[in-house]
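# Structural features, examined
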Amino acid sequence: MMGAKRPRSNLGPQELLPALVEAAGCDGTAKPLIVLGVGTPTHDTGACLARDGVVLHAVNEERFSRKKLDDAFPSLSIAYVLEAEGLRPQDVDVVALGLFGGANGKSRQMLAVMQRLLEASASDALHERLEVAQERDVRFANLAEQRLLDLGFERAQIRWFDHHLCHAFAAFHCSPFDSALVVTFDGRGDCLSGAVYEAKRVDEPVPVGGEPPGLELVAVTSFLDSVAYLYSIVTQLLGFRPFHHEGKVTGLAAQGCSRRRVPGGTFDIFSKAVWIEQECRGSNPRTGEKPWVIRTDTTGDYYKAFSTASPPKLLAELRGLSREDIAAGLQDVTEHVVCEYLRRNGYLAKQMCVAGGLFANVKLNQRFRQLPGVDNVYVFPHMGDGGIHIGAALLASVGAGAAPHPRALTPAALRPWRHVFLGPCPDLAEIRALAEEAKCLGRGISVVEKVEALGFAEHVAGQISDGRIVGLAYGRMEFGPRALGHRSLLAEARDRSVNERLNARLRRTEFMPLAPATLPGEAGRCFRGWRADHVASQYMTMCYDVTEEFRELCPAAVHIDGTARPQVVLEDSDDLYALVIRRYIERTGLPALVNTSFNAHGEPIVCSAKDAWRAFFEQDCCDVLALYPFIFSRSDGRTPGQ
């Protein structure tokens, strides 16, 4: 199965691998509840396996198929998570899917859609979007169910859960908070593009056929008014691929100007596509006033709820403007609409959790964190639909929805996440075979074996401080869109040209920023407002303004707008990677190094040892491959970066 192996724990000293959380019920006293979470075949599909509410394995199909953001049914991912625990389909208690579980005639989701259709009953754009959504959802649901049956599962095992409930449940119950306000925004899912929930951890069982206690729906936004769709429309307009390259638009925005409150500026133009307005009826108990809602143009002239739409008047008014200013206007309007919607409705709290694809936008997350009254924001590490199966699996684990399992837990039994290293390990036999091949064939590669952790980290840190780009691959693969040290390219941060060299070498867009990786003891001097309890900073999901000291010392890791998206690595949870950073800091006196994903442009992050070797030797992604316990270096006379 394309190299998907049972995770190994014998790749080196036990302390090199992240500690795995032990599942309850494994001592023979009770049969554990086994839940398979499955991502539906829309985009970035995947699967996870939970035992008594603890997620043991979580992966995405792209890492095995080698097709970026693969939207195929996740057969390879399902096979991996089952093989990793030696399970068969009949050993699984519940198969949970995070879509098609909330759109029915009595639901609040459908009422939100019907309200929009009544408000704009003559809108062809809205009716077209609704028809396409219905057709696609029926087709995707039938496909997912049939593929599960083909794999040997039975209909009685399958449960469907509301899409935004899955986003929200995962965001809150994987967070470190006991209570929070939870916000979701994405393109669409079960008739919605956004939702707000009040959440608290409670030790109560889920009512039969009901919603999980401690998570109360406060407000919804129809998918016909999706801010995320506008972002995808403009992503395509700028020549990028929608639902793939929105991050490029965010990076580009820092180089432009939205000219807010200036007629003809891009903020003004995009405000004709999406805005907030106050309803003429109803009351918001949080403010005592009529609620504010997000609204979009229903004529189809400036907006259509399709990621690939080309609204004619929007395109006409943007024609002739620079792509930098277009990106800046889009980013400005996105931040303004989302944050003002939350602020004016009083949907803010000291502790906030967010999920959904729109929150892959780290600049939006920073703006969110800086809102008055907000103290801390947890961004679910796999915030988009690639992580939706986590929420579905956790909901099934607590017995939410129809036909709850008799061994279901209470929500309070779910534990906050300590890490996201939930994928496969590189196969040690495969690594040794690559080392022998490199030695025997005389390919201009020198090979060094460093089994002892300190020696391995010292060697890697030395290569980085000497100006070489190092591909680091060891331990269990990260789950989610960010490379967090187990499948990363590492480089020095003191030379701004590193950014240009890396982006050119990896064939990435030249304006994309690189992220700094540092330790908690250094982060306070680098990033304004950073605190040790900002868990989002461990997963590269939050932006910060940098200090002047950091800008001077590590210019390669600072974006043009003076911000950075850091990874703050805890030394007690990821010893080897943290040890590399520690030795680099001690060698150079610099507070951070550069971390970017280990992959060439257009490809997924590497998964297996062979993937890492191909990226190193065939695609020239790095000068040095640190594939624990071996370090491969080019000995062909090239200087670093050539």
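Use the structure listed above.
Here is a short report on the structure shown in this document. Numbering of residues starts from 1 in every chain and runs along the sequence as written. Only residues with pLDDT of at least 70 are given local features in this predicted model, and only at 80 or more are side-chain atom pairs given and counted; all residues enter the totals for whole chains, interfaces and linings. Calculated side-chain values reflect all of the structure's heavy atoms, with hydrogen atoms and water omitted.

### Side note on the overall build of the protein chain
Defined as follows: In DSSP terms, a helix is any run of H or I states spanning at least four residues, a strand is any run of E spanning at least two, and both are numbered starting from the N terminus. Only C-alpha atoms enter the radius of gyration, while the globule expectation follows 2.2 Å times N to the 0.38, with N the number of residues. Three labels apply to residues, based on accessible area from a 1.4 Å probe with only protein chains included: buried if under 20% of the type maximum, exposed if over 50%, partly exposed otherwise in between. The contact definition used throughout considers only heavy atoms, calling two residues in contact when any of these lie within 4.5 Å. The method behind every accessible area is Shrake-Rupley, applied with a 1.4 Å probe, and residues are considered shielded solely by the protein chains displayed. Charge convention: Lys and Arg are scored as positive, Asp and Glu as negative, and His as well as the terminal groups of each chain are ignored. All charge positions are set by atom: Lys at NZ, Arg at CZ, Asp at CG, Glu at CD.
Within the protein chain one finds 19 helices and 22 strands. For a compact globule of 642 residues, the expected C-alpha radius of gyration is about 26 Å, and the protein chain comes in at 24 Å, within 12% of that figure. A principal-axis box enclosing the C-alpha atoms of the protein chain has dimensions of 75 × 65 × 40 Å. Counting all 642 residues of the protein chain, 62% fall into the buried class. Within the protein chain, contacts between residues at least 6 apart in sequence are counted, and of these 72% link residues at least 24 apart. For the protein chain, the accessible area works out to roughly 23300 Å², and carbon and sulfur atoms hold 50% of it. Charged side chains in the protein chain number 71 positive and 78 negative. The centres of these two groups are separated by 2 Å.

### Concerning the environment of Arg 261
Considering the arrangement of structural elements, one finds Arg 261 in the loop between helix H7 (246–253) and helix H8 (266–270). C-alpha of Arg 261 to C-alpha of Cys 174: the two residues are 87 residues apart in sequence and 40 Å apart in space.

### Some words on the side chain of Glu 492
In plain terms, the rule: In the analysis that follows, any N or O atom pair within 3.5 Å is treated as a polar contact, provided that within protein one partner can donate a hydrogen and the other can accept it, and provided that, for residues neighboring in sequence, both atoms belong to side chains.
Note that Glu 492 resides in the loop between strand S15 (487–491) and helix H15 (497–505). You can call Glu 492 buried: its relative accessible area is 9%. Among the polar contacts listed, one links the side chain of Glu 492 to the side chain of Arg 494, at a separation of 2.8 Å. Setting aside chain neighbours within four positions, we find Glu 492 in contact with Ile 464, Ser 465, Gly 467, Val 498, Ala 556, Tyr 584 and Val 594.

### Some details on the pattern of salt bridges
Under the convention used in this document: When a carboxyl oxygen of Asp or Glu is within 4 Å of a side-chain nitrogen of Lys or Arg, the pair counts as a salt bridge.
On inspection of all chains with the given rule, the structure shows 38 salt bridges. A salt bridge links Arg 583 to Glu 586, with the nearest nitrogen and oxygen atoms 2.0 Å apart. Taken together, the residues Arg 583 and Glu 586, both in helix H18 (residues 575–588) and three residues apart, mark about one turn of the helix. For Arg 583, a relative accessible area of 18% corresponds to the buried category. Look at Glu 586 and you get partly exposed, because its relative accessible area is 48%. A salt bridge links Arg 634 to Asp 620; the shortest N-O distance between them is 3.2 Å. Residue Arg 634 is found in strand S22 (residues 630–634), and its partner Asp 620 is found in the loop between helix H19 (609–618) and strand S21 (624–627); the two are separated by 14 residues along the sequence.

### Some details on the environment of Gln 619
Mapped onto the elements, Gln 619 comes out in the loop between H19 and S21. Judged by its relative accessible area of 14%, Gln 619 is buried. In sequence terms Gln 619 and Leu 87 are 532 residues apart; their C-alpha atoms lie 36 Å from each other. Here Gln 619 is in contact with Arg 507, Ala 600, Glu 603 and Arg 614, once residues within four sequence places are set aside.

### Quick look at the sheet that holds strand S20 (residues 593–597)
The following threshold applies: DSSP bridges decide pairing: two strands pair if at least two such bridges lie between them.
In space, the eight strands of this open sheet follow the order S13-S22-S21-S14-S15-S20-S16-S19, with mixed pairing throughout. With one partner strand each, in any of the chains shown, strand S13 (445–449) and strand S19 (567–568) form the two edges of the open sheet. Here S15 runs beside S20; their pairing, made up of four bridges, is antiparallel. Paired with Leu 489 across the bridge in S20 is Thr 596.

### Digging into the sheet that holds strand S6 (residues 179–189)
So the rule is basically this: All axes are obtained by fitting lines to C-alpha atoms, using only the stretch in contact for helices, and the reported angles, taken between N-to-C directions, cover 0 to 180 degrees.
Reading across from one edge, S8-S7-S6-S11-S12 is the order of the five strands in this open sheet, with mixed pairing throughout. Edge positions in the sheet fall to strand S8 (215–222) and strand S12 (376–379), since each has one partner strand and no second. Each adjacent strand pair in this sheet contributes to an overall mean axis angle of 20 degrees, direction not counted. Summarising the sheet, strand S11 (residues 351–355) and S12 pair through four bridges and their orientation is parallel. When the sheet's bridge partners are listed, Cys 353 is paired in S12 with Tyr 378.

### Details of helix H2 (residues 75–84)
Most of H2 sits out of view: eight of its 10 residues are buried. What H2 keeps buried is the set Ser 75, Leu 76, Ser 77, Ile 78, Tyr 80, Val 81, Leu 82 and Ala 84. Just beyond H2, the residue with positive phi is Gly 86, at close to 65 degrees.

### Examining the packing of helix H5 (residues 163–173) against helix H12 (residues 388–397)
If you want to describe how two helices pack, look at the angle between their axes and the distance between the axes. The following threshold applies: Each angle is binned into one of four classes, with values under 35 degrees roughly parallel, values over 145 roughly antiparallel, values of 65 to 115 roughly perpendicular, and all other values oblique. Gly falls in the polar group here, along with every residue not listed as nonpolar (Ala, Val, Leu, Ile, Met, Phe, Trp, Tyr, Cys, Pro) or charged (Asp, Glu, Lys, Arg).
In contact at an axis separation of 7 Å, H5 and H12 are set at 85 degrees when each is read in the N-to-C sense. What the angle tells us is that H5 and H12 run roughly perpendicular. Facing H5, whose interface residues are His 163, Leu 165, Cys 166, His 167, Phe 169 and Ala 170, H12 presents Ile 388, Ile 390, Gly 391, Ala 392, Leu 394 and Leu 395. Here the contact of H5 with H12 is built from residues that sort into nine nonpolar, three polar and no charged.

### Quick notes on the packing of aromatic side chains
For the record, the criterion: The rule is short: rings of Phe, Tyr and Trp, with Trp giving its six-membered ring, pair when the centres are within 6.5 Å, and they are stacked under 30 degrees, edge-to-face over 60, tilted in between. In this scheme, Lys NZ or Arg CZ marks a charge over a ring once it lies within 6 Å of the ring centre and within 35 degrees of the ring normal.
Scanning all chains against the criterion turns up 15 aromatic pairs. With a centroid separation of 5.6 Å and 40 degrees between ring planes, the pair formed by Phe 64 and Tyr 80 is classed as tilted. With Phe 64 in helix H1 (residues 62–65) and Tyr 80 in helix H2, this pair connects stretches of sequence that are 16 residues apart. Comparing Phe 64 with Tyr 80, the two get one shared label, buried. What links up through ring pairs into an aromatic cluster is the set Phe 185, Tyr 341, Tyr 347, Phe 359 and Phe 368. One residue, Arg 344, lies across the ring of Trp 292, its end atom 4.4 Å from the ring centre.

### Topic: the packing of helix H10 (residues 323–345) against helix H11 (residues 362–369)
Rules: A clockwise turn of the near helix away from the far one marks a right-handed crossing, whereas an anticlockwise turn of less than a right angle marks a left-handed crossing.
H11 packs onto H10 with a crossing angle of 35 degrees between their chain directions and a minimal axis gap of 10 Å. When you trace H10 past H11, the crossing you get is right-handed. Along its contact with H10, which presents Gln 331, Thr 334, Glu 335, His 336, Val 338, Cys 339 and Leu 342, the element H11 presents Lys 363, Leu 364, Arg 367 and Phe 368. In terms of residue class, the contact of H10 with H11 is made up of five nonpolar, three polar and three charged.

### Description of H11
Burial within H11 is extensive, with seven of its eight residues counted as buried. Structurally, the start of H11 carries an N-cap: the backbone nitrogen of Lys 363 is 3.2 Å from a side-chain oxygen of Asn 361.

### Overview of the pairing of S8
On a regular strand, one side chain projects to one face of the sheet and the next to the other, so that they alternate. The element S8 is extensively covered by neighbouring structure, given that six of its eight residues are classed as buried. Here seven bridges tie strand S7 (residues 192–200) to S8, and the two strands are oriented antiparallel to one another. Each residue of the ladder has a partner; that of Ala 195, found in S8, is Val 220.

### Looking at unusual backbone geometry
A cis amide bond links Tyr 628 with the next residue in sequence, Pro 629, at an omega value of 10 degrees. Examined against the element boundaries, Pro 629 turns out to sit in the loop between S21 and S22. One non-glycine residue, Asp 52, lies in positive phi territory at about 50 degrees. With respect to the helices, strands and loops of the structure, Asp 52 is situated in the loop between strand S2 (46–51) and strand S3 (54–60). Residue class for Asp 52 comes out buried when judged on its relative accessible area of 12%.

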